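One letter stands for each residue in the lines below.
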Amino acid sequence: RIHGSGTYIQKIPENVNFIKSSHAGTGILPPESLFTKPSRDSLHTDIVRNGEVQKRYTIGLWSDLHCTSNLNQRILADIVKSVSEAGHSLTIHSIVEEVDTPYSINQLTNLLRENPCDGYLCYYRWADVFLQTLGPQSKPVLFFYLSNCVQLDKPAIMIDHITALRRSIKILADEGHRKIALIGLRNPGRVEIPEIESEIYEQAMAGANLNYRSITWLKTGDVSEAITAVQKLFASDDRPDAIYVDDDYVMIGVTEALRII
C-alpha cells in the first residue's frame, strides 16, 4: 500500500462458493478478502499526467457485487482498473451485511463517516438506502445498474441490452444470416427485461425483413440448461443460422453446446 497509488485487486476467487469461516452461511465474500484497504488521507490530491496538473479524486464504490458471483467480482475489478487508469483512487465498500440485507441507516452512516470520499458510485438496487444515509450533503453520487432498468428516477449508468439487441440483429442480418434466434435469461432478477427484449427482437427482425422467429428463455444460468436448450433448438426442422445471447452466464452454456453439436 503506497499513498496515492490507488486500490488494487489482491485476488479473485475461482470458486464463488469460497467463504471465510467467519461468514459461513451468509454467502458473502468479505471485501477484505478481495481488496486492499485504501489510505484515508488520499482525498483530493493533484497529480501530473502528460505534463498537465490533474485533480486526483477518491471515489467510494458501495455495492453488494462482491458477494454475488465471479462475474460481478470481475466487473468490480474492471471498475477499479478503469478508475486507476483515469488517475483517480477507488475505495470499495459493502452496502450489505449479508446477501440481500443492507446495513441499517445508522451503520451505514458510521461507515460513510469512517470512509470519506470526494464522490460516490452506488449500485442502483440500493439507491434509496444510500441516499437516505447520505442525507442533505452535497457530494456527487452516480448510480449504476448491470442491465436495463425500466424506471430510472436517479442519475445512473447501465448496460443497454436493448441497443445491444437491435445492433446485433442488424449486424447479423447485414452479414447474410436469415434465421436469427434469441436465447436469454428469465428469472426473478430480470422481471421486466424479457418482455422488452421480445418486443425489440420482433421489431428488429421485422425491420430486417426477416420472417424467422425463435425466442428461448431459460430459468437459470446453468450450463446444463443452456446446453439442453441449444440442442433442442438445433434438432428442430427450422434450426437457426445465428443466435443472439443476452446473458453472460447463458453464453457459457451456448458456447459449450455449439462445440458439441
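These lines cover the structure that appears in this document, whether it is placed above or below. (Residues numbered from 1 in each chain as written. Predicted model: local features only at pLDDT ≥ 70, side-chain atom pairs only at ≥ 80, totals over all residues. Heavy atoms only, no water.)

## Points about helix α3 (residues 127-134)
For clarity, the threshold we go by: Buried means the residue's accessible area, taken with a 1.4 Å probe over protein chains only, is under 20% of the maximum for its type, while exposed means over 50%, and partly exposed covers the values in between. Note on conventions: DSSP H or I runs of at least 4 residues are helices, E runs of at least 2 residues are strands, and numbering of each starts at the N terminus. Throughout, the arc means that of the directions going from the helix axis to the C-beta atoms. Should any heavy atoms of two residues lie within 4.5 Å, those residues are considered in contact.
Along α3, the residues that are buried comprise Ala127, Phe130, Thr133 and Leu134. The arc enclosing the buried residues of α3, seen along the axis, measures out at 135°, which places them on a common side. Facing away from the buried side of α3 by more than 90 degrees, the exposed set consists of Asp128 and Gln132. Buried residues belonging to α3 abut β3 (58-63), α2 (105-114), β7 (119-123) and β8 (141-145). Of the residues flanking the end of α3, it is Gly135, one or two places downstream, whose phi is positive at about 70°.

## So, the packing of helix α6 (residues 223-235) against helix α7 (residues 248-260)
The description of two packed helices rests on the angle between their axes and on the distance between the axes. Put simply, the rule reads: Between N-to-C directions, angles span 0 to 180 degrees; the directions come from axes that are lines fitted to C-alpha atoms, helices contributing only their stretch in contact. Working rule for angles: under 35 degrees goes down as roughly parallel, over 145 as roughly antiparallel, 65 to 115 as roughly perpendicular, anything else as oblique. Handedness of each helix crossing follows the sense of rotation of the near helix against the far helix: counterclockwise by less than a right angle gives left-handed, clockwise gives right-handed. For this scheme, ten residues count as nonpolar: Ala, Val, Leu, Ile, Met, Phe, Trp, Tyr, Cys and Pro. Four count as charged, namely Asp, Glu, Lys and Arg, and the remainder, Gly too, count as polar.
It is at 7 Å that the axes of α6 and α7 come closest, and there the two elements cross at 50°. Classed by the angle they form, the pair α6 and α7 counts as oblique. Handedness of the crossing formed by α6 with α7: right-handed. Together, Val223, Ala226, Ile227, Val230, Gln231 and Phe234 of α6 and Val250, Ile252, Gly253, Val254, Glu256, Ala257, Leu258 and Ile260 of α7 make up the contact between the two elements. Per-class residue counts for the contact of α6 with α7 are 11 nonpolar, 2 polar and 1 charged.

## Considerations on the pattern of salt bridges
Our working definition: Just to be clear on terms, a salt bridge is a Lys or Arg side-chain nitrogen sitting within 4 Å of an Asp or Glu carboxyl oxygen.
Scanning all chains against the criterion turns up 7 salt bridges. We note a salt bridge from Arg125 to Asp100, for which the minimum N-O separation is 2.8 Å. Remark: Asp100 occurs in the loop between β5 (96-98) and β6 (101-102) and Arg125 occurs in the loop between β7 and α3; sequence separation between them is 25 residues. Owing to a relative accessible area of 44%, Arg125 belongs among the partly exposed residues under this scheme. Owing to a relative accessible area of 45%, Asp100 belongs among the partly exposed residues under this scheme.

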